[in-house]
Amino acid sequence: MLSPARVTVIDAVVSFDAPLDVTFDYLADPANRPEWQSSLRRVDDLRPIGDRAGDAGTSWTDVTVVPGVSPLMEVTVCQAHRVWQEIGRWRSVDAVLTLTFAERDGGSREGGTDVHAEAVLTVPAIGGLVLTAARWPTARAVRADLERAARVLAGRGSR
């Protein structure tokens, strides 16, 4: 039996001109996703767990712009203002997105935040070639979505 193909599709840092707590709270809340994630039409069946939006165990369904593609999503890690991770499952594909947060400018409240994004896709072994071909467009899309989120927060004057 062939092992599943697994590839990191993005490993990059996106800068936000917003405080760490504001950036984390915005990105960790699944209800905000359609505002900045270009592939989403909406979030359905949001089931929050814990004290904050996007706490570990929170789940929902992404309703994407691609007909019939609606992955089930779950937050697997939520360390407030430090690390947030989700897994999306659709058919035999898993996608894990990990966001790690770091303050810029000496940690002042007025400083910005660097968000390190790493996304890993796992597909059946037969899909390895397709996965490799999709790596660069996927990386560009994830980066563009995070840059859009940074613009949304900057436009709100969240400092």
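For every chain, the first residue of the written sequence is number 1, and numbering continues from 1 along that sequence. Only residues with pLDDT of at least 70 get local features here, since the model is predicted, and only at 80 or more are side-chain atom pairs given and counted; chain-wide, interface and lining totals rely on the full set of residues. Only heavy atoms go into the side-chain values, all of them from the structure, while hydrogens and water stay out.

Time to look at the nonpolar core. For the purposes of this section, nonpolar cores are sets of buried Ala, Val, Leu, Ile, Met, Phe, Trp, Tyr and Cys residues that join through side-chain atoms within 4.5 Å. Exposure is judged per residue with a 1.4 Å probe applied to protein chains only, and the accessible area is read against the type maximum: over 50% gives exposed, under 20% gives buried, and values in between give partly exposed. Phe16, Tyr26, Leu27, Trp84, Leu99, Phe101 and Leu146 are the most contacted members of the largest nonpolar core, which totals 33 residues. Secondary structure elements with two or more residues in this core: strand S1 (5-16), helix H1 (20-28), strand S2 (40-47), strand S4 (72-79), strand S6 (93-103), strand S7 (113-123) and helix H3 (128-155). Note on definitions: a residue-residue contact is assigned when non-hydrogen atoms from the two residues lie within 4.5 Å. Here Leu27 is in contact with Phe16, Arg33, Trp36, Leu99, Phe101, Val115, Leu146 and Ala149, once residues within four sequence places are set aside. The numbering of helices and of strands both runs from the N terminus, where a helix is a DSSP run of H or I of at least 4 residues and a strand a run of E of at least 2.

A word on the sheet that holds S2. In this description, strands pair whenever DSSP reports at least two bridges between them. On the basis of which strands lie adjacent, the open sheet formed by seven strands has the order S1-S7-S6-S5-S4-S3-S2 and antiparallel pairing. Sheet topology places S1 and S2 at the edges, where each strand pairs with a single neighbour. Neighbouring strand axes in the sheet, compared pairwise and without regard to direction, differ in orientation by 20 degrees on average. Of the pairings in the sheet, the one linking S1 to S7 comprises eleven bridges and is antiparallel in character. When the sheet's bridge partners are listed, Ala12 is paired in S7 with Ala117. Structural elements are reduced to axes, namely lines fitted to C-alpha atoms, with helices fitted over the stretch in contact, and the angle between N-to-C directions of any two is expressed from 0 to 180 degrees. H1 rests against S1, S4, strand S5 (83-90), S6 and S7 of the sheet, and its axis sits at about 165 degrees to S6.

Attention now goes to the side chain of Thr61. You can see Thr61 is positioned in strand S3 (residues 59-64). Contacts of Thr61, omitting those with residues within four sequence positions, involve Arg42, Val43, Asp44, Asp45, Ser70, Pro71 and Leu72.

In this structure, Pro19 sits in the loop between S1 and H1. Residue Pro19 is classed as buried on the basis of its relative accessible area, which comes to 3%. On a C-alpha basis, the gap between Pro19 and Gly111 in space is 5.8 Å, while along the polypeptide they are 92 residues apart.

Glancing now at the pairing of S6. Looking along a regular strand, one sees side chains alternate from face to face of the sheet. With eight bridges connecting them, S5 and S6 associate as antiparallel partners. Looking at S6, one finds that Glu86 is bridged to Leu97. Linking S5 back to S6 in an antiparallel pair, the connection comprises two residues, with Arg91 at a positive phi of about 55 degrees. Bridge count between S6 and S7: ten bridges; the pairing is antiparallel. Counterpart to Val96 in the pairing with S7 is Val120.

These results come straight from atomic positions and should not be treated as a statement about function.
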